[in-house]
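# Examination of the molecular architecture
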Amino acid sequence: MAIRLPRIVSAKKVPKGYFAVYVGENQKRFVIPVSFLNQPLFQDLLGLSKEEFGYSHPTGGLRIPCDEDIFLDVTSRLN
């Protein structure tokens, strides 16, 4: 019997092949697969992050300046 991990996981430690992002005003933490980095929709979110914050992310994770609902919608399309 195989166990499937969801594409977005909630973990304090980031598993291999995933990275942390902080989304929205409350900077909710999401752990997402690195494979999202190759997706044009996610690259659009990265562009927003670059415009808003540059390359400075003191939280240790990437901050994405959009509503959580929008982020979840975009990432659900990548699954």
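Higher on the page you've got the structure.
Below, the structure is looked at part by part. For every chain, the first residue of its written sequence is number 1, and the numbers climb from 1 along that sequence. Given that this is a predicted model, residues contribute local features only at a pLDDT of at least 70 and side-chain atom pairs are listed and counted only at 80 or more, while totals for whole chains, interfaces and linings are drawn from all residues. Each side-chain value is worked out from all heavy atoms of the structure, with water and hydrogens disregarded.

With that out of the way, let us pick up the overall build of the chain. Strands here mean DSSP runs of E at least two residues long; helices mean DSSP runs of H or I at least four residues long; both are numbered from the N terminus. Secondary structure assignment for the chain yields two helices and three strands. Put simply, the chain runs from its N terminus to its C terminus through helices and strands in the order β-β-α-β-α. Counting across all 79 residues of the chain, residues that qualify as buried make up 30%. Here, two residues are considered to be in contact whenever any of their heavy atoms come within 4.5 Å of each other. The long-range fraction of contacts in the chain, counting pairs at least 24 apart against all pairs at least 6 apart in sequence, stands at 43%. Here, Shrake-Rupley sampling with a 1.4 Å probe gives the accessible areas, and only protein chains in the shown set may cover a residue. Surface accessibility of the chain: about 5600 Å² in total, with carbon and sulfur atoms responsible for 52%. Burial here depends on accessible area, computed with a 1.4 Å probe over protein chains only, as a share of the maximum for the residue type. Under 20% is buried, over 50% is exposed, and the range in between is partly exposed.

On to the pattern of salt bridges, then. Here, a salt bridge means any Lys or Arg side-chain nitrogen found within 4 Å of an Asp or Glu carboxyl oxygen. Using the criterion set out here, one finds one salt bridge in the structure. Two residues, Asp73 and Arg77, come together in a salt bridge whose shortest N-O distance is 3.1 Å. Residue Asp73 and its partner Arg77 are both found in helix α2 (residues 68-78); the two are separated by four residues, about one turn of the helix. Asp73 gets classed as partly exposed once you look at its relative accessible area, which sits at 36%.

What follows is about helix α1 (residues 40-53). Owing to its 3.6 residues per turn, the α-helix brings residues three or four apart onto one side. For a helix, the expected span equals 1.5 Å multiplied by the number of residues minus one. Taking 1.5 Å per residue as the helical rise, α1 with its 14 residues ought to reach 20 Å, and the 20 Å between its terminal C-alpha atoms agrees with that figure. Those residues of α1 lying buried are Phe42, Leu45 and Ser49. Angularly, the buried residues of α1 cover 55° about the axis, an arc narrow enough to put them on a single face. For α1, exposure combined with an orientation more than 90 degrees from the buried face picks out Pro40, Asp44 and Glu51. Structurally, α1 contributes buried residues whose contacts are with β1 (18-23), β2 (28-33), β3 (62-64) and α2. At the C-terminal side of α1, Gly54 shows a positive phi close to 70°. For this quantity, the arc is that covered by the directions from the helix axis to the C-beta atoms.

Right, let's get into the pairing of β2. Here, any two strands with at least 2 DSSP bridges between them count as paired. The sheet contact formed by β1 and β2 spans six bridges and is antiparallel. By the bridge assignment, Val21 is partnered in β2 with Phe30. Hairpin geometry of β1 and β2 is characterised by an intervening segment of four residues between the two adjacent antiparallel strands and by a positive phi of about 80° at Gly24.

The description of an aromatic ring pair uses the distance of the two centres, along with the angle that the planes make with each other. The pairing test for Phe, Tyr and Trp rings, Trp by its six-membered ring, is centres within 6.5 Å, and the orientation test on the planes gives stacked under 30 degrees, edge-to-face over 60, and tilted for anything in between. All chains considered together, the criterion is met by three aromatic pairs. For the ring pair Phe19 and Phe42, a centre distance of 6.2 Å and an interplane angle of 80° mean the geometry is edge-to-face. One end of the pair, Phe19, is in strand β1; the other, Phe42, is in helix α1, and 23 residues separate them in sequence. Here Phe19 matches Phe42 in class, with each residue buried. Residues Phe30 and Phe71 carry aromatic rings whose centres are separated by 5.0 Å and whose planes lie at 40° to one another, so their mutual orientation is tilted. Placement of Phe30 in strand β2 and of Phe71 in helix α2 is noted, with a sequence separation of 41 residues between them. The same class applies to Phe30 as to Phe71, namely buried. Feature note: the residues Phe19, Phe36 and Phe42 constitute an aromatic cluster, connected by ring pairs.

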